[in-house]
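Secondary and tertiary structure notes
Take a look at the letters that make up each chain.
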Amino acid sequence: MPYTNGSTTPPVIEIQNITKIYKMGETEVRALNGVSLTIREGEYVAIIGTSGSGKSTLMNMIGLLDKPTSGNYAIRATETNRLSQNQMADLRNKEIGFVFQRFNLLARTSARRQVELPLFYAGVGAGKAAQMATAALERVGLGDRTHHKPDELSGGQQQRVAIARALVNSPSILLADEPTGALDTKTGEEVMALFEELNQQGMTLILVTHDTDIAAQAHRVVTLRDGEIMSDEMNGLTLEPTPVVAYG
Amino acid sequence: MKLFRYFSVALTGILAHKLRAGLTMLGIIIGVAAVLTTTGFGSGAAADITANIQNGGVNLLTISSGSSRGGNNPATMTMADAQALSDAQIFPDLVYVAPQYSSSATYTSGSEEGTYQTIGATANYAIVTDLDIEYGQFFTAEQVEKNESVVVLGHTVATDLFGTADAVGQSVRINNNAFQVIGVLEESGGAGFGSNDTRAYVPLQVAQGRLFNASRYRGNYSVSTISIQVATAEGMDDAAKRIEQTLRMRHNLSKDDTNDFTISNQADLLETISNVTGTLSILLGSIGGISLLVGGIGIMNIMLVTVTERTREIGLRKAVGAHNSDILLQFLIESLVLCVLGGLIGIGFSYGVAAILSRMSFMPFAIVIEYWALVLAIGVSSASGFIFGLYPAWRATKLDPIEALRFE
Ligand SMILES: Nc1ncnc2c1ncn2[C@@H]1O[C@H](COP(=O)(O)OP(=O)(O)OP(=O)(O)O)[C@@H](O)[C@H]1O
Ligand SMILES: [Mg+2]
């Protein structure tokens, strides 16, 4: 199979027949309806679909921010429904970087402090954390904005602070929900170049987008519709949806 | 150290939300200050009254006209009663018997004029009630005997009339009679119940006759009260009993009649007063408690207003790897810092108010801040700070990170 890093890398994310149902009084919303998906180490995947198709719900599930109503999810062959809250928190802290669709920055807190947050919970000392946070901000082009608070930053700059925060702990998996949504074309391209570079270095990348041009830069495109996987394409080649395979 | 790191997170959080922190602290400050100053008033008043009564002398019995049940008090006690009780053969244990007749009179000196409680007394009154003379002296038994027109002024009376406490030798008109000042009392401090500062003393029969034209009862001048010093504290009850018998006989009361006089003993008085001041403390304490409640509600409101923002913050912290214990610890330290700071400011504020008020001339006593009030105030306000600060945090830790992030 035409994975960029070869087809033999081990699976990082294995999702089997996941559903997520929101109950709104009488009516049920099936945000995810029997989704199965396997993503291997070093893949670069774009998830596309119309608004309300369940992209964010799937990302939150992958990022361990939310729990499925039914189905199984294993991360590096560890069944997540067996993990304690604290174990999940540690995985979110060390393995996963998450860029939210709504940036979710802390009010009245400087960019550097925002980026230091994951380091604090990882137990990194204050001096080293400040260094690492500054480096991460420089990487997204905000080296001169470290002391700015969210209300002193543009939307695109806030987005980049959120990206720096997701990257600062050097996670092996980066999840980004509409990372270029708030950015102009040029800054969007810079961020995409950064993602490409991170993927070259071996980071597994999953991003949600509306934009087919952005999706085209990924190596694999998963299309959602009404909570189900419509198609799963590799570099323009249509593949069968990933078969449900039992591992381990 | 881990705890130290949380301290810096909590401090950063407080500094990032100065208004919220300030309002929370304000609630605690108001609560603590309200409790401390109101209960301080009560304790101060109680301490002042008790001290004044204890100043009054030792082993003191006071006999006054009328039954203890109140009603109008006909002047049933007379000079003859006082004389009967002065008989050392029958009452060897009554060291001093000091009858008094008191009423208020108008004093004039030049253009100064004032109305003061005037007590007609015998020479031993100064000993029985333990009066301290600053200038001159109290009148002697001889001066009382001769009905001399002399007066001993309380400290405030002297300064009001003459502008100075040293008024000995001056003359003053009392109800238009000329008197000579022969002594001025020391300032007794405080002005409340039982203070001497606004009183004046003249020989007994001068008061009964010339000044007030007291009523007569069976041919004898009536007296307002008789103060009696008993030899020993243990002998007080026995002396009171024998005095009661003698007076009942003298007043021709039959077995079924109730006493037409009241014997009160200093210990009883103290007890009554401490009941009164106890009630006062409870009253003021409840006012303070209400203020504390209001402060607590203030804190709660602020916490509730910020609960959305805080829940999102908690969601984010959890999303980037915080454990529930991390969150709770952060919020705990944050409220601890606010409560301790607010509590300290509140205490400082109360002591400031107490110091300023106590120096004001209209305050009859000093405000006394007691330790139990300190503990109560800090305890309750910190508890409200903790509960209202921690509750949203505790609730938010129950949510999945995404639910907390979406919280509205
Ligand atoms: N907390 C919730 N309660 C109820 N329904 C929800 C909730 N979150 C999402 N949904 C519903 O689930 C469906 C999928 O939502 P989701 O946010 O995953 O869409 P999306 O694909 O990310 O859309 P967009 O492109 O607009 O971000 C929607 O129909 C939405 O209304
Ligand atoms: Mg979305």
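As shown above, the structure is provided for reference.
Per chain, residues are indexed from 1 in the order of the written sequence. The lettering of chains begins at A and the numbering of ligands begins at 1, in the order of writing. Owing to the predicted nature of the model, reporting of local features is limited to residues with pLDDT of at least 70; listing and counting of side-chain atom pairs is limited to 80 or more, with chain, interface and lining totals taken over all residues. Side-chain measures here rest on the full set of heavy atoms in the structure, leaving out hydrogens and waters.

Okay, the coordination of the magnesium ion (ligand 2) next. Each metal's donors comprise the N, O and S atoms found within 2.8 Å of it (within 3.2 Å for Na, K or Ca). Water is not part of the atom list, so some coordination spheres may appear incomplete. Protein ligation of the magnesium ion (ligand 2) involves Ser-56 of chain A (OG) and Gln-101 of chain A (OE1), the donor distances falling in the range 1.9 to 2.3 Å. Highlighted residues: Ser-56 of chain A in helix α1 (residues 55–62) and Gln-101 of chain A in the loop between β6 (96–99) and α3 (111–122), separated in sequence by 45 residues. Starting at the N terminus, helices and strands are each numbered in turn, a helix being any DSSP run of H or I of at least four residues and a strand any DSSP run of E of at least two.

Here we come to a negative patch on the surface. For patch building, the residue pool is restricted to those with more than 30% relative accessible area and no salt bridge; the joining distance is 9 Å between like charges and 5 Å between nonpolar side chains (Val, Leu, Ile, Met, Phe, Trp, Tyr). Note on areas: Shrake-Rupley with a 1.4 Å probe; residue coverage comes only from the protein chains shown. Salt bridges are defined by distance alone: a side-chain nitrogen of Lys or Arg within 4 Å of a carboxyl oxygen of Asp or Glu. When charges are counted, neither His nor the chain ends are considered; positive counts come from Lys and Arg and negative counts from Asp and Glu. The location of each charge is read from NZ of Lys, CZ of Arg, CG of Asp or CD of Glu. A surface patch of negative charge is lined by Asp-130, Asp-132, Glu-134, Asp-166, Glu-186 and Glu-187 of chain B. Along the chain, Glu-186 of chain B turns up in the loop between β7 (177–185) and β8 (199–203).

Residue and element names in this part refer to chain B. At Asn-147, a residue that is not glycine, the phi angle is positive and equals roughly 55°. In this fold, Asn-147 is placed in the loop between α5 (141–145) and β5 (150–153). A 1.4 Å probe rolled over the protein chains alone gives each residue an accessible area, and that area as a share of the maximum for its type sets the label: buried under 20%, exposed over 50%, partly exposed in between. The partly exposed category is assigned to Asn-147, whose relative accessible area is 28%. If you check the backbone angles, Asn-252 has positive phi at about 55° while not being a glycine. Mapped onto the fold, Asn-252 is located in the loop between α8 (236–250) and β12 (261–265).

Let us now look at the interface of chain A and chain B. Every residue pair with non-hydrogen atoms within 4.5 Å of one another is taken to be in contact. Counting residues at the interface gives 26 residues for chain A and 26 residues for chain B. Summed over both partners, the accessible area (1.4 Å probe) lost when two parts come together is defined as the buried area. With both chains or domains summed, chain A and chain B bury close to 2400 Å², and 53% of this area falls on carbon and sulfur atoms. On the chain A side of the contact with chain B, Arg-108, Phe-120 and Tyr-121 of chain A bury the most area, a combined 27% of that side's loss. For the pair chain A and chain B, the interface holds 1 salt bridge. One salt bridge connects Lys-67 of chain A with Asp-400 of chain B, and the closest N-O pair in it is separated by 3.1 Å. Polar contacts, as used here, are pairs of N or O atoms within 3.5 Å; protein pairs need one atom able to donate a hydrogen and one able to accept it. Residues neighboring in sequence count only if both atoms are side-chain atoms. Between chain A and chain B we count 9 residue pairs in polar contact (both at pLDDT 80 or more) in total. Residue contributions to the side of chain A that touches chain B peak at 6 residues, all from helix α2 (residues 85–94) of chain A. Classifying every residue of the side of chain A that touches chain B by side-chain character gives 11 nonpolar, 7 polar and 8 charged. Classification used: nonpolar for Ala, Val, Leu, Ile, Met, Phe, Trp, Tyr, Cys and Pro, charged for Asp, Glu, Lys and Arg, polar for all others including Gly.

Let us now look at the packing of helix α9 (residues 266–305) of chain B against helix α12 (residues 371–397) of chain B. All names here are of chain B. Each axis is a line fitted through C-alpha atoms, and for a helix only the stretch in contact is used; angles between axes span 0 to 180 degrees, taken between their N-to-C directions. Running from N to C, α9 and α12 cross one another at 20°; their axes reach a closest spacing of 9 Å. Here α9 is positioned roughly parallel relative to α12, judged by the angle of their axes. Pair α9 / α12 crosses with right-handed handedness. In contact with Leu-292, Gly-296, Ile-299, Met-300 and Met-303 of α9, α12 contributes Ala-377, Val-380, Ser-381, Ser-384, Gly-385, Phe-388 and Gly-389. A breakdown of the residues in the contact of α9 with α12 according to their chemical character gives 7 nonpolar, 5 polar and no charged. Each angle gets one of four labels, with under 35 degrees taken as roughly parallel, over 145 as roughly antiparallel, 65 to 115 as roughly perpendicular, and the rest as oblique. Rotating anticlockwise by less than a right angle from the far helix to the near helix defines a left-handed crossing, while the corresponding clockwise rotation defines a right-handed one.

Further remarks concern the nonpolar core. Counting residues in each nonpolar core, the largest one holds 55 residues, and the members touching the most others are Ile-13 and Leu-58 of chain A. Contact partners of Leu-58 of chain A, with chain neighbours within four places excluded, come to Ile-15, Leu-32, Val-35, Leu-37, Ile-47 and Leu-224 of chain A. Formed by 45 residues, the second largest nonpolar core is a distinct cluster that contains Val-97, Val-151, Val-206 and Ala-240 of chain B. Throughout this description, the term nonpolar core refers to a set of buried Ala, Val, Leu, Ile, Met, Phe, Trp, Tyr and Cys residues connected via side-chain atoms within 4.5 Å.

Don't take any of this as a statement about function, it's just geometry.
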